[in-house]
Amino acid sequence: MKALISVSDKTGIVEFAKELEKMDIEIISTGGTYKKLKEEGVKAIEISEITGFPECLDGRVKTLHPKVHAGILAMRNNEKHMQQLKDLNVDTIDFVIVNLYPFKQTILKENVKREEAVENIDIGGPTMLRSAAKNYQDVTVITDPTDYERVLKELKNNGQVSIDTKFYLMNKVFEHTASYDAMICKYLKDERKDETLPFELTLTYEKVQEMRYGENPHQIGALYKEIGKCEGSLTIAEQLNGKELSFNNINDTNGALELLKEFDEPTVVACKHGNPCGVGSDNKSIYKAWQKAYNADKVSIYGGIVVSNREINTKMATEMKEIFLEVIVAPSYEKEALELLKTKPNLRIMLLPTITVKQPKGSYDIKKINGGIILQTIDSDLLNDYKIVTNRKPSEKELEDMLFTWKIVKYVKSNGIAFGKDKQSIGIGPGQVNRVWAAKQAIEHATELIGKGATNGASLASDAYFPFSDTVEAAHKAGITAIIQPGGSIRDQESIDKCNEYGITMIFTGMRHFRH
């Protein structure tokens, strides 16, 4: 029996090859792998001795030879195949142990040149893997070093590798080569700087962790990350304390993080079930921002997510410790603050130094539907410009409140309404089937949670236009003095006239932010 070994990741390969030798399996190898095995005392045969042809073109051609691929692809129970091998003086190859040129590691390097990236596109490796996987009944193919132990165990116990394991390894090969090709495709598209959506879409992600369950206990779930640095993403955050993150934790925290990134000043966002429940900002103090976020909705924050774009200090941690929270994410923690929070064993404490880094413009947003996906570029813009459409212009303070609240409503599920004042969310109405219901819900929440008159002098933001003037009516009754909305309804003038009647200032953004 023969094994062909050619690996870039040499983890455990020497030990594995020596175990194969003990079972009288002959080792064939190439390039750097051959050199490594020989140095470690493995009696490997160089590939050129098998092919009768030297490695050439700086190693670009080593294994692309009929004596290699015929030996791999020949079906052992096919008499014609075996006779042809005999006539051509070709031996069978029973094990293929290959992993690929480090394309991912290459493109992740700073300022990597295209020529270097292209040179690290493996050709012979995927070809051997695919050949061996296609003939999985007769060939054991390994691309992942973690599978060495499983194969050795079966060889030692049973004298052969089971067909189930071979089929499992075959599946892993095609997962791996598909991912490898998808990485190459994405890199090349990024190099072209082409923002159009692809005609054929192949994406690849790496599993970060298994989850206890998915959205509900009867569903399975896992977290995957994109290939790349993923700056600002929860997928690279370091967990300092608590149970593993659940599906819902990750989904909710991601929404909170994306909202947080809209703010430059010290800001805290509290989130529950994918919607913000409290947002607070301050020009200087992150503690004051935390107080605003907490006081905006002391009820809904229970069991929620808190994210901060500044260091969590001891004063904040002392108060957070008294609340049941699922997750806290921050760029850093004061030492005493971290120790305080760690006294809650189930609290997930996440460290994300790059918390303010936004996704690159043109990144994809993907949603699964039955039988397919729907794909769009992310909603990366907030506001291009605005137009004052009422007789009364907003004061500087009102404009500040409107822009603050506009950031919040972008991340509220549609139909969404948000109230804000003094860099604090006042009331949020998410996910209603009509806009006036969302406004009334936000008013009720503000009154119940903060107190009567909480909305007096506040600003209202709507994620889409008003189809009727009823939302303006509700806003006026609540004491709202400023409204920001996209505009674009055929009934816009009705809302403008109603604002003028009540002395409310209103601006149109010309841009909506539906969130489904």
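Once that is clear, we can look at the sheet that holds strand E2 (residues 26–29). With parallel pairing, the five strands of this open sheet are ordered in space as E3-E2-E1-E4-E5. Of all strands in the sheet, those bounded by a partner on one side alone are strand E3 (45–46) and strand E5 (140–142). Sheet topology note: the strand E4 (residues 95–98)/E5 ladder contains three bridges and is parallel. Paired with Val96 across the strands is Val141, a residue of E5.

Here we take up the packing of aromatic side chains. Overall, the coordinates contain seven aromatic pairs when judged by the stated rule. Ring geometry for Phe103 versus Tyr180: centroids 6.2 Å apart, planes at 65°, classification edge-to-face. Remark: Tyr180 occurs in helix H10 (residues 163–192) and Phe103 occurs in helix H6 (residues 103–107); sequence separation between them is 77 residues. The exposure class of Phe103 is buried, given its relative accessible area of 1%. Overall, Tyr180 belongs to the buried group, its relative accessible area being 4%. The rings of Phe103, Tyr180 and Tyr187 are connected pair by pair, giving a single aromatic cluster. The ring centre of Tyr168 lies 4.3 Å from the NZ or CZ of Arg150, which sits over that ring.

The next thing to look at is unusual backbone geometry. The linkage connecting Ser414 with the following residue, Asn415, adopts the cis geometry, with an omega of -15°. Position of Asn415 among the secondary structure elements: in the loop between helix H15 (396–409) and strand E17 (417–421). The residue Asn89 is not glycine, and still its phi comes out positive at about 60°. Here Asn89 shows up in the loop between helix H5 (79–88) and E4. Even without being a glycine, Asp422 presents a positive backbone phi close to 55°. On the secondary structure map, Asp422 appears in the loop between E17 and strand E18 (424–429).

Before going further, it helps to examine the pattern of salt bridges. This structure, assessed with the given rule, holds 27 salt bridges. A salt bridge links Lys22 to Glu19, with the shortest nitrogen-to-oxygen separation between them at 3.1 Å. Note that Lys22 and Glu19 are positioned in helix H1 (residues 13–22) at a spacing of three residues, about one turn of the helix. Under the relative-accessibility criterion, Lys22 is labelled exposed at 63%. Under the relative-accessibility criterion, Glu19 is labelled buried at 19%. As a salt-bridge pair, Glu206 and Lys104 come within 2.4 Å of each other at their nearest N and O atoms. Here Glu206, found in strand E6 (residues 205–210), pairs with Lys104, found in helix H6; they are 102 residues apart in sequence, far enough to count as distant. Overall, the relative accessible area of 27% leaves Glu206 in the partly exposed class. Given the relative accessible area of 24%, Lys104 is considered partly exposed. Through salt bridges with shared partners, a single ionic network connects Lys2, Glu26 and Asp91.

Here we take up the packing of helix H17 (residues 470–477) against helix H18 (residues 492–502). Packing of H17 against H18 brings their axes to within 9 Å, and their N-to-C directions diverge by 20°. Considering the angle they form, H17 stands roughly parallel to H18. As H17 packs across H18, the resulting crossing turns out to be right-handed. Residues Val472, Glu473 and His476 of H17 form the contact with H18, whose own contacting residues are Ser495, Lys498, Cys499 and Tyr502. Along the lines of polarity and charge, the residues of the contact of H17 with H18 split into three nonpolar, two polar and two charged.

Each value, and the rule that gives it
Residues numbered from 1 in each chain as written. Predicted model: local features only at pLDDT ≥ 70, side-chain atom pairs only at ≥ 80, totals over all residues. Heavy atoms only, no water. Pairing = 2+ DSSP bridges. Helix = DSSP H or I, 4+ residues; strand = E, 2+ residues; numbered from the N terminus. Phe/Tyr/Trp six-rings, centres within 6.5 Å; stacked < 30°, edge-to-face > 60°. Buried < 20%, exposed > 50% of the residue type's maximum accessible area, 1.4 Å probe, protein only. Lys NZ or Arg CZ within 6 Å of the ring centre and 35° of its normal. Salt bridge = Lys/Arg side-chain N within 4 Å of Asp/Glu carboxyl O. Axes fitted to C-alpha atoms, helices over the stretch in contact; angles between N-to-C directions. Parallel < 35°, antiparallel > 145°, perpendicular 65-115°, else oblique. Left-handed = near helix turned anticlockwise from the far one by under 90°. Contact = heavy atoms within 4.5 Å. Nonpolar A, V, L, I, M, F, W, Y, C, P; charged D, E, K, R; others polar.

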